[in-house]
Amino acid sequence: MTDTPPRVSSGIAGLDTILRGGFAPHRLYLVEGTPGSGKTTLALKFLLDGVRRGERGLYVTLSETAEELDAVAQSHGWDLSALTLFELATVDEVLGEARDQTVLHPWELELGGTIRLIQEQVAATNPVLVVFDSLSELRLLAQDPLRYRRQVLALKQYFAGRRITVLLLDDLSADASQRDAHLHSLCHGVITLERVTPDFGKALRRLQVQKLRGIDFISGYHDLRIRHGGIEVFPRLVASDHHAPFVGENTSSGVRELDALLDGGPLRGTCTLITGPAGTGKTTIALQYVRAAYERGEASAIFEFDERVGTLLTRAKAMKLDLMEPLEKGLLVLEQIDPGEMSPGEFASLIRNAVEQRGCRLIVIDSLNGYMAAMPHTQQLILQMHELLSYLNQQGVVTILVNPQSGLIDTIATATLNVSYIADTVILTRYFEAEGRMRKAISVIKNRGGAHEDSIRELRVDTQGVRLSGPLVEFRGVMTGTPEYIGSREPLIEDRHLGT
């Protein structure tokens, strides 16, 4: 039994994860995508990573000039001097006696002469890795689909005989009816890159591996971003691939009455949804759990969609929930998410880094509405959130989702929207009126992790922090926002009834 040869890294960590380690060596791969989707950047990174490992790389270009490739490299801070760039747009060997011509365009070359030049260059440089850019020019030279297919097959056999790993780039410029339907079958693997421009916000990119013989790759779409230094790929999160043992114990908020609502607090490995109208203290309750985690020596992360970080820090300090101390000690990750600039895959990657690299045991997403509003172009967003929460649950992380309901005063029917099914615990905050004052009520309406109080308490958030009263037993209809006093004396909810 022969050993399986080591994989060839793509030079992109996320793509290697999707490919379960990288490319199988000595094979032909197709990288296709429209202009601007990132094919050239991916190909250059593939070759440069080979140079880092001491492997010779050859970039054969029929479509881009050396100056254009160098401009791409400079934008990422790369040096291409260790690569061999073979630019067929400026060679004249194929013309035989007409060697005095200095510029030769791809469509002026005979296909056989082009293939011969490529083979001669490969024989001269003896590369380990080759990028061919692009098949669209080869398709134009071939004219006939059968001839084109035969030449691609001949290239495949030639490179395989020399034990070379090859990336063929195709910009999909030809009409779908003119593309060779058998090209995918000739290649060992096919990677498709896409560039999507939403109605508002930056253009987003994604890729999928359409086929990869002999490898159980991660299927589906994977978000990616081109930034200085190359391409960052965010593999689609598969929760079942990530499980860590943990003890499902309660996590305290540090407020006795709040913990009593949940029979000790949320269990590790569960998700808590805090929902209610704006201004009822949802974010402050979440920050109370963050502060309590810090006091236990545990790291937390807050992903803020709705509120500026500076405003959040100022407000937290005024409520006796100073976050600067845990930030300075590295026990708090505070990320401001810019709506319109973030893909679901990148957001999931941020959370994974917080959990796996920073050791965060508590994650706060503020808010769920902000998350959905930031990515309206993405289909099945709730399902992606479900997978993300499943991952966090399997890591033993306590997750808190803040979900503002529409409007300031509303009924309970719209408070939980369509996301309550993904939460293990639902905490509901409401406004109610008493003695001519707007007051806040809090209750737990769902807790899969165990018992919970069915009582309703008054919630007070002020300079003394988060405080809760005893159960509101002398009112009816508090959760509707129109309470009715049913006690034996005048309704009165005083500060002396609030827990300290």
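Residues numbered from 1 in each chain as written. Predicted model: local features only at pLDDT ≥ 70, side-chain atom pairs only at ≥ 80, totals over all residues. Heavy atoms only, no water.

Engineer: Is there a simple way to explain the sheet that holds strand β18 (residues 465–471) in this structure?
Structural biologist: Sheet strands line up and pair through hydrogen bonds in the backbone, either parallel or antiparallel. Across the sheet, which stays open at both edges, the nine strands sit in the order β12-β11-β13-β14-β10-β15-β16-β17-β18 with mixed pairing between neighbours. Whereas interior strands pair on both sides, the edge strands pair on one side only; in this sheet they are β12 (332–336) and β18. Across this sheet, the average inter-strand angle for adjacent strands is 20 degrees, counted without regard to direction. When strand β10 (residues 271–276) meets strand β15 (residues 425–434), the two strands line up parallel, connected through four bridges. (Pairing = 2+ DSSP bridges. Helix = DSSP H or I, 4+ residues; strand = E, 2+ residues; numbered from the N terminus. Axes fitted to C-alpha atoms, helices over the stretch in contact; angles between N-to-C directions.)

Engineer: What am I meant to see in the pairing of strand β3 (residues 84–87) here?
Structural biologist: Within a regular beta strand, the side chains point alternately toward one face of the sheet and then the other, so they alternate between its two faces. Pairing of strand β2 (residues 57–61) with β3 involves four bridges; the strand directions are parallel. When the sheet's bridge partners are listed, Val 60 is paired in β3 with Phe 86. Traced from β2 through helix α3 (residues 66–75) to β3, the parallel crossover comes out right-handed. (Right-handed = clockwise from strand over helix to strand, strands pointing away.)

Engineer: Would you take a moment to explain a negative patch on the surface for this structure?
Structural biologist: Among the surface-exposed residues, Glu 67, Glu 68, Asp 70 and Asp 79 lie close enough to one another that they form a single negatively charged patch. Relative to the assigned elements, Glu 67 resides in helix α3. The exposure class of Glu 67 is exposed, given its relative accessible area of 60%. (Patch = residues over 30% accessible without salt bridge, like charges linked within 9 Å, V, L, I, M, F, W, Y side chains within 5 Å. Areas by Shrake-Rupley, 256 points an atom, 1.4 Å probe, with all protein chains shown as cover. Salt bridge = Lys/Arg side-chain N within 4 Å of Asp/Glu carboxyl O. Lys, Arg positive; Asp, Glu negative; His and termini not counted. Charge placed at Lys NZ, Arg CZ, Asp CG, Glu CD. Buried < 20%, exposed > 50% of the residue type's maximum accessible area, 1.4 Å probe, protein only.)

Engineer: Would you mind showing me how to read helix α2 (residues 39–52) here?
Structural biologist: Residues spaced three or four apart along an α-helix face the same direction, because each turn holds 3.6 residues. Here α2 contains 14 residues, and its C-alpha end-to-end distance of 20 Å stays within 8% of the 20 Å for a straight helix at 1.5 Å per residue. A large share of α2 lies buried, amounting to 11 of its 14 residues. Turning to α2, its buried residues number three or more, namely Lys 39, Thr 40, Thr 41, Leu 42, Ala 43, Leu 44, Phe 46, Leu 47, Leu 48, Asp 49 and Gly 50. Count one or two residues on from α2 and you reach Gly 54, which has phi positive near 90 degrees. (Expected span 1.5 Å × (residues − 1).)

Engineer: Help me understand the side chain of Thr 272 in this model?
Structural biologist: Along the chain, Thr 272 falls in strand β10. According to the relative accessible area criterion, Thr 272 is buried, its value standing at 2%. Once you skip the residues sitting within four places of it in the chain, Thr 272 turns out to touch Pro 266, Thr 399, Ile 400, Leu 401, Thr 425 and Ile 427. (Contact = heavy atoms within 4.5 Å.)

Engineer: Honestly, the sheet that holds β3 in this entry has me stumped. Any pointers?
Structural biologist: Reading across from one edge, β3-β2-β4-β5-β1-β6-β7-β8-β9 is the order of the nine strands in this open sheet, with mixed pairing throughout. The sheet is open, and its two borders are formed by β3 and β9 (230–234), each paired with just one other strand. Neighbour to neighbour, the strand axes of the sheet diverge by 20 degrees on average, direction disregarded. Relative to strand β7 (residues 204–212), strand β6 (residues 189–196) is paired through eight bridges, and the arrangement is antiparallel. Note that in β7 the partner of Arg 195 across the bridge is Arg 205. The sheet strands contacting α2 are β1 (28–33), β2, β4 (129–133), β5 (165–170), β6 and β9, and the helix crosses β4 at an angle near 160 degrees. Most of the contacts of helix α12 (residues 344–356) go to strand β8 (residues 222–227), to which it runs at about 85 degrees, and overall it touches β8 and β9.

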